[in-house]
Amino acid sequence: MSEFTEISGIGANMAEHLIRAGFQTIASLLGKSPDDIYTADCFSQGMSVDKCALYCYRLAVHYADHDEQLPEGKQNWWDWKD
């Protein structure tokens, strides 16, 4: 099991997306751009990935960049939509 699943809102499937995109740990997300992670995910799969993945990456990067904390009311991927 990946440590990414420790992040509220990130399940096993999205953890696999992050790993395929080249990220192995929460620390590897520090300072990264969620848009760049989304692009890497699309590239690794050879196709466009559902935009919901981008929202998960926003959540995960915030978590990594803010001492493993999420703001109140932003505990789920859908809270990070455009």
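Just so you know, these numbers come straight off a predicted model, no measurement behind them.

## Observations concerning helix α3 (residues 52–65)
Taking 1.5 Å per residue, 14 residues should reach 20 Å; α3 reaches 20 Å between its end C-alpha atoms and fits that length. Within α3, 11 of the 14 residues are buried, which leaves it mostly tucked inside the rest of the structure. Considered for burial, the residues of α3 that qualify are A53, L54, Y55, C56, Y57, L59, A60, V61, H62, Y63 and A64. In this structure, the buried side of α3 is in contact with α1 (12–20) and α2 (34–45). Where α3 terminates, the next one or two residues include D67, which has phi positive at roughly 50°.

## Concerning the packing of α1 against α3
Between α1 and α3, the shortest axis-to-axis distance is 11 Å and the interhelical angle comes to 85°. Classed by the angle they form, the pair α1 and α3 counts as roughly perpendicular. Only A53, C56 and Y57 of α3 make contact with α1, whose side of the interface consists of M14, H17 and L18. Its residues assigned to classes, the contact of α1 with α3 shows five nonpolar, one polar and no charged.

## Some points on the side chain of D41
With respect to the secondary-structure elements, D41 resides in helix α2. Lacking a salt bridge, the buried D41 has R20 as its closest oppositely charged neighbour, with an N-O distance of 4.7 Å. What D41 contacts, discounting residues up to four positions off in sequence, is H17, A21, V49, A53 and Y57.

Thresholds applied
Residues numbered from 1 in each chain as written. Predicted model: local features only at pLDDT ≥ 70, side-chain atom pairs only at ≥ 80, totals over all residues. Heavy atoms only, no water. Helix = DSSP H or I, 4+ residues; strand = E, 2+ residues; numbered from the N terminus. Expected span 1.5 Å × (residues − 1). Buried < 20%, exposed > 50% of the residue type's maximum accessible area, 1.4 Å probe, protein only. Contact = heavy atoms within 4.5 Å. Axes fitted to C-alpha atoms, helices over the stretch in contact; angles between N-to-C directions. Parallel < 35°, antiparallel > 145°, perpendicular 65-115°, else oblique. Nonpolar A, V, L, I, M, F, W, Y, C, P; charged D, E, K, R; others polar. Lys, Arg positive; Asp, Glu negative; His and termini not counted. Salt bridge = Lys/Arg side-chain N within 4 Å of Asp/Glu carboxyl O.

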